Amino acid sequence: MMFCLVYASSATRPFSPAQLTDLLASCHAHNSQLGITGMLLYKNGNFMQALEGEEQAVLNLYAKIFQDERHSGILTLLQTTIPARQFPDWSMGFRDLNSPEVRSLLGYNEFLNMPLTGAEFSSDPTYCQRLLTIFKKMM
């Protein structure tokens, strides 16, 4: 069994495409060392991230993210055990939801226009799983 944690947060300042690329490279290197995989989504200054791996490793990383000054309004959307990794091929997958290429992807759905804030997802955590699954299939 694997542990999965999904959270949403707001960036304390906007990220440029170059800064998002740097963030991805940093997450990729760090999470690989920890045995953590997942997916990072970014839209309009908001993040949603799924982290999966050994429970204590995920919780330790989440505690560091919670202290990271680049995040505000962090909201835990989902904590659960899963039978297997949902994102085994990535130490961190990434997609900028503002990208024009996302809108042109086969299977694009207006669901993808939902804001990545806790208010939209906290009432029904299956929404975050659904969003992440859509991107997993498209990547």
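Here's what I pulled together on the structure shown here. Just so you know, these numbers come straight off a predicted model, no measurement behind them.

1. Concerning the layout of surface pockets
Space inside the largest pocket adds up to approximately 290 Å³. As for the largest pocket, its lining consists of 16 residues, of which Leu23, Cys27, Ile65, Asp68 and Arg70 are closest to the centre. Of all elements in the fold, only α1 (17-34), β3 (46-53) and α2 (55-67) reach the threshold of two or more residues within the lining of the largest pocket. The greatest single-element share of the lining of the largest pocket, amounting to five residues, is contributed by α1. Per-class residue counts for the lining of the largest pocket are eight nonpolar, five polar and three charged.

2. Considerations on the packing of aromatic side chains
The geometry of an aromatic ring pair is captured by the separation of the ring centres together with the interplanar angle, meaning the angle of the planes. The tally for this structure, following the rule as stated, stands at three aromatic pairs. With 5.3 Å between their ring centres and 90° between their planes, Phe15 and Phe47 make a pair best called edge-to-face. Taken together, the positions of Phe15 in the loop between β1 (2-11) and α1 and Phe47 in strand β3 put the pair 32 residues apart, joining distant regions of the chain. The exposure classification of Phe15 matches that of Phe47, with both residues buried. An aromatic cluster is present here, built from Tyr7, Tyr62 and Phe66 joined pairwise through their rings. Here the basic side chain of Arg13 rests over the ring of Phe15, its NZ or CZ set 5.2 Å away from the ring centre.

Calculation rules
Residues numbered from 1 in each chain as written. Predicted model: local features only at pLDDT ≥ 70, side-chain atom pairs only at ≥ 80, totals over all residues. Heavy atoms only, no water. 1 Å grid on protein atoms, 1.4 Å probe; cavity = no way out; pocket = protein on both sides within 12 Å on 5 of 7 lines; lining within 4 Å. Points joined across faces, edges and corners; volume = space filled by probe spheres on them. Helix = DSSP H or I, 4+ residues; strand = E, 2+ residues; numbered from the N terminus. Nonpolar A, V, L, I, M, F, W, Y, C, P; charged D, E, K, R; others polar. Phe/Tyr/Trp six-rings, centres within 6.5 Å; stacked < 30°, edge-to-face > 60°. Buried < 20%, exposed > 50% of the residue type's maximum accessible area, 1.4 Å probe, protein only. Lys NZ or Arg CZ within 6 Å of the ring centre and 35° of its normal.

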